[in-house]
Structures are given as structure tokens and as C-alpha cells.
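As a plain string of letters, each chain reads:
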Amino acid sequence: MSLHQQLQQRAADGKPIRIGLIGAGKFGSMYLAQIPRTPGVHLVGIADLSPAAAKVNLARVGWEPERCNATSLDQALKTGATHIGDDWQALVAHSGVDIVVECTGNPVAAVEHCLQAFAHRKHVVNVTVEADAFCGPLLARKAAQAGVVYSLAFGDQPALICDLVDWARTCGFPVVAAGRGHKWLPHFSESTPETVWGNYGLTPEQAARGGLNPKMFNSFLDGSKPSIESTAVANATGLTVPSNGLLYPPASVEDIPFVTRPISEGGVLERKGMVEVISSLEANGRKIPYDIRMGVWVTVEAETEYIKNCFEEYNAHTDPSGRYFTLYKRWHLIGLEVGMSVASVALRGEATGVANCWNADVVATAKRDLRVGEVLDGEGGYTVWGKLLPADTSVRLGGLPLGLAHDVKLTRAVKKGQSLSWADVAMDTTTRAYQTRREMESIFAPPVLKTA
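One structure accompanies this document, and this report is about it.

Rules of the game
- Residues numbered from 1 in each chain as written.
- Predicted model: local features only at pLDDT ≥ 70, side-chain atom pairs only at ≥ 80, totals over all residues.
- Heavy atoms only, no water.
- Helix = DSSP H or I, 4+ residues; strand = E, 2+ residues; numbered from the N terminus.
- Pairing = 2+ DSSP bridges.
- Axes fitted to C-alpha atoms, helices over the stretch in contact; angles between N-to-C directions.
- Salt bridge = Lys/Arg side-chain N within 4 Å of Asp/Glu carboxyl O.
- Buried < 20%, exposed > 50% of the residue type's maximum accessible area, 1.4 Å probe, protein only.
- Parallel < 35°, antiparallel > 145°, perpendicular 65-115°, else oblique.
- Contact = heavy atoms within 4.5 Å.
- Nonpolar A, V, L, I, M, F, W, Y, C, P; charged D, E, K, R; others polar.
- Core = buried A, V, L, I, M, F, W, Y, C linked by side-chain atoms within 4.5 Å.
- Phe/Tyr/Trp six-rings, centres within 6.5 Å; stacked < 30°, edge-to-face > 60°.
- Lys NZ or Arg CZ within 6 Å of the ring centre and 35° of its normal.

1. A short note on unusual backbone geometry
Inference 1: Although it is not a glycine, Arg121 adopts a positive phi angle of roughly 60 degrees.
Inference 2: Considering the arrangement of structural elements, one finds Arg121 in the loop between helix H6 (107-119) and strand S5 (123-126).
Inference 3: Backbone geometry at Tyr248 places phi at a positive 50 degrees, although glycine is not the residue there.

2. Remarks on the sheet that holds strand S7 (residues 175-182)
Inference 1: Within the open sheet, the four strands sit side by side as S8-S7-S9-S10. Their pairing is mixed. Both outer strands of the open sheet, strand S8 (274-279) and strand S10 (324-329), are each paired with one neighbouring strand and no more. Across this sheet, the average inter-strand angle for adjacent strands is 25 degrees, counted without regard to direction.
Inference 2: In this structure, strand S9 (residues 296-301) lies alongside S10, joined through six bridges in antiparallel fashion. Across the sheet, residue Val300 finds its bridge partner in S10, namely Phe325.

3. Observations regarding the pattern of salt bridges
Inference 1: This structure, assessed with the given rule, holds 21 salt bridges.
Inference 2: Of the charged contacts, one joins Glu229 and Arg180 as a salt bridge, the two residues approaching to 2.7 Å between their closest N and O atoms. With Glu229 in helix H12 (residues 224-237) and Arg180 in strand S7, this pair connects stretches of sequence that are 49 residues apart. Each of the two residues, Glu229 as well as Arg180, counts as buried.
Inference 3: Glu270 serves as the salt-bridge partner of Arg271, at 3.3 Å between the closest nitrogen and oxygen.
Inference 4: Assessed through its relative accessible area of 37%, Glu270 is described here as partly exposed.
Inference 5: Several salt bridges converge on common partners, so that one network encompasses Glu265, Lys272, Glu301 and Arg323.

4. Considerations on the packing of H6 against helix H7 (residues 129-146)
Inference 1: Relative orientation of the contacting elements H6 and H7 amounts to 5 degrees, with a least axis distance of 10 Å. If you check the angle between H6 and H7, you find them roughly parallel. Side by side, H6 and H7 meet where Pro107, Ala110, Val111, Cys114, Leu115 and Phe118 of the first sit next to Glu130, Ala131, Phe134, Cys135, Leu139, Lys142, Ala143 and Ala146 of the second.
Inference 2: Here the residues of the contact of H6 with H7 are counted per class, giving twelve nonpolar, no polar and two charged.

5. Focus on the side chain of Ser189
Inference 1: Along the polypeptide, Ser189 turns up in the loop between S7 and helix H9 (196-200).
Inference 2: Residue class for Ser189 comes out buried when judged on its relative accessible area of 12%.

6. Observations regarding the sheet that holds strand S12 (residues 375-377)
Inference 1: Read across the sheet, three strands follow the order S12-S14-S15 without closing on themselves; strand pairing throughout is antiparallel. Each of the sheet's edge strands pairs with one partner strand only, and the pair in question is S12 and strand S15 (425-426).
Inference 2: Where S12 and strand S14 (residues 406-410) come together, three bridges link them in antiparallel fashion. Bridging across to S14, Val375 finds its partner in Lys409.

7. Brief notes about the nonpolar core
Inference 1: Counting 98 residues, the largest nonpolar core has Phe118, Leu376, Leu400 and Leu420 as its most contacted members.
Inference 2: Considering every element that reaches this core, the biggest residue donor is H7, with ten residues.
Inference 3: Non-local contacts of Leu400, meaning those with residues more than four positions away in its chain, are made with Val362, Val363, Ala364, Leu376, Ala405, Leu420, Ser421, Trp422, Val425 and Met427.
Inference 4: Residues Ala24, Cys68, Ile84 and Val345 belong to the second largest nonpolar core, which totals 32 residues.

8. Brief notes about the packing of helix H1 (residues 3-13) against helix H15 (residues 338-348)
Inference 1: Contact geometry of H1 with H15 gives a least axis separation of 10 Å together with a crossing angle of 70 degrees. For the element pair H1 / H15, the angle class is roughly perpendicular. For the pair formed by H1 and H15, the contact residues are Leu3, Gln6, Leu7 and Arg10 on the first element and Met340, Ala343, Ser344, Leu347 and Arg348 on the second.
Inference 2: Grouping the constituent residues of the contact of H1 with H15 by class yields five nonpolar, two polar and two charged.

9. Quick look at the packing of aromatic side chains
To describe a pair of aromatic rings, one takes the distance between the centres and the angle between the planes.
Inference 1: Inspection of the entire model under this criterion finds ten aromatic pairs.
Inference 2: Considering the side-chain rings of Trp184 and Phe188, the 6.4 Å spacing of their centres and the 90 degrees angle between planes classify their relative orientation as edge-to-face.
Inference 3: The class for Trp184 is buried, based on a relative accessible area of 11%.
Inference 4: Where Tyr200 meets Phe217, the ring centres are 5.3 Å apart and the plane angle is 85 degrees; that geometry is what we call edge-to-face. Remark: Phe217 occurs in helix H11 (residues 214-221) and Tyr200 occurs in helix H9; sequence separation between them is 17 residues. A single burial state applies to Tyr200 and to Phe217, both of which are buried.
Inference 5: A cation sits over an aromatic face here: Arg261 above Phe258, 4.3 Å from the ring centre.

Here it is as C-alpha cells:
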């Protein structure tokens, strides 16, 4: 049966997938908007730092008050309603929850939530890809050791890219490149929450209407989120990453198969089998017609003349040589698509993207000259942006992961454009996020680098 048919069967049998949601912000609200329209699922509980704000968001997306009036998790299970509170530990520990959807956007907290969920034998759909970017391979290993599934969230671009890569490989195509689109100009790396809306293309009124967080959206604009998501893709697919950060080649959809070829064949790639991000803007700021800004893509190669001829016969979207073909989706629907992950994990035991190696990392990089004593404000803020680097390069640098570069004081001055290291900051080494990252390095770093 299809996933939808299986969900219908679960509904008919009175055995819905029982979900616990941690974090009911923008992404979580988009998922909440779809739950009443999805058969065979029961949102047992929501844990949020502000239950009142969670209730406002539920009303915003159209939930009727009686759907979220359970006074406890036990009552929620009996009545089919949803309990809203601030105790995430009780939520992940409750025997009536099958899957935890981690949706806080806080990478340090997300690691704690994931590890606790594994300890209680809960599957996890991790929307907080920032956490996956700095310790995803170890989270995946710990989930497997606990006998549960850990998954990236469908609807977010990394899982969609992983899906395209899996399609290509399952069909027998070698993947030349894969990635997402982005609106990018080099000076965007200096963007702050004060400059984000003008650069992003929204008015302050549109941002306020959608309840959009300027710091979070700035993390997209300044290159941090593309680096984070490219890291998640590389670590989940085994694709490699550029040696000194994303290149953001500008291209229309028409030109993606032309651009995403090796340099030796007229493209921009250092080698075949890489992650890259396509810009929707020319270097002079001109908007490219029919862009891939909000979408995802994969470029594959015809390895034989016969396959190349098939591309031609079926009018496939190729480069001028006819050998390189790009499949793409021009949009992604964020939290509106998370139900695919929940169903896949619960009904098939399959992740929609999961780290299986450590190929890439995101290193905090100074947006401006930083002074001793300044406090880093993390992803999308005023001090640092995230640069995509090969994992072995990051280890050699002692690179400070962007996901741990929040509320951390500098002990050394750092020049604009310089990637930060562990030695530049006074790190709180007591958090599980820090300890998990260091454990991951000890397990996954190349042997020659572990003793460096």
C-alpha cells in the first residue's frame, strides 16, 4: 500500500501514529496546519517554551480550540485531542508517543532533545538541521544503537535533495552534482537582522504578517543556511563539497546541467559528485529568469551513447553535449511536507535522509572584525556566518562549528572573513551538544587527523 493508504488504514483501525512536537514556531506551525487534514495521525502533545504562543499559532493555522484542550498527555491519548505544555522531557518520555518531531531551531537544545528521545526509544524527525550539521553522523549512529529511526525532515531542502539523489542512484545514474537554489551575492555574507528584509525581497509588513523571525531568515540570506543544508546533504549522500566554500554559480534552470559539470568540461565543479548551490542572481544583481531559488536539483550523467540518445529522444533537460541531465523541483513547501517524513519513519521504518558519513562541516566565520570579549550571536546574527568546508579541513583548522557559536565569548580577536577555531572562544564544555560534537570528531575524523 502507498503511504496514504497505510495512513487511512491506521485511521480505520483506530491506531494512529502518535506524535510529539517540540517547538511550535513557523516551521512547526506549517506542519500543524496539515495535521487535521492527514488521516492516521494524532498529535498527542506540543512542548514549547511559550505554551501561550503555541496556542496563538494553532489558532493562526486554523485549529479549533477543542482540538488542543487536553489537560494532560494521558487525557490527550484518551480523547484524541492535543496537550500543550512546556515540559519536553515528559513529552519524549511518555509511552503514548511514537515519533518526536524536533522543531525548535535551537541546535544545542535539539541535540539534547534527540538524545533523550533515543533513550526512550522514540523515532525522531529532526527539523533543526543546524544540529544535524555539526553532529548528525553521531546522532544517526546513536539512534540506530537504540533501535529507532533518525531522519531529516521532508519539505526542508536537504531531505528533498537526498530524495533526488536516491532516485538517481536507484535508477543507475551516477550523480554529478546536487543541491538547492539561493538568492546570493557575495556581500550578503555581511547581512544582519537589520538588513535582511530588503535583501531577501520581503517588506517588513510581509514579514510581520507571516510572523517571520529576522535572525532566522538572515541565516538563509547570509549563506549560513545553504552551508548547513549542503553539509547535511553531503553527510547523508556521501557527496563531497567545495574545498573553500560554496561557489554559488548563477544559472537559470535551463543552464544548471551546463554549469554543474567539472571544470575540465566547462562547468564549475572541482570534480564529479559534489554538492553546490545555484544563485538566482547574476553577479551584477540582475534577477535570472526562470530561476531555481526556492527549489532543488540533481545532475546526472549518461555513461553510454545509448542512454545519451534516450535523453535526446525524450527531450530531457540536458547540457549542449546531451550527456548531463538535470532533474529539478522549483519549489519546496517547508513544514507543509513534514508528514512525508512522519509516515515514512513510522510506516516503512525509513528515514527521509540521514547522515551516514562525515564529509562536510559548517565553520563559524567572522562577518566583521571581532574584538576580545565580544559574545558571538550565532547563525543569522551580527557576528558570524557559516562557511561550508570539507570535514577534514575543519578538523585541521580546529574549526568552531556554527551550531555552537551562540552566546560564546571571544578570547582572541578575529579578523573579518577569518574562520574561528575552538581556541578563539571560551566554550561551555558541559553541554551535551558540545560533548556529542567532540565524540563525533573522535569517531568520524580521519585517523591521521585525530592525533594532530
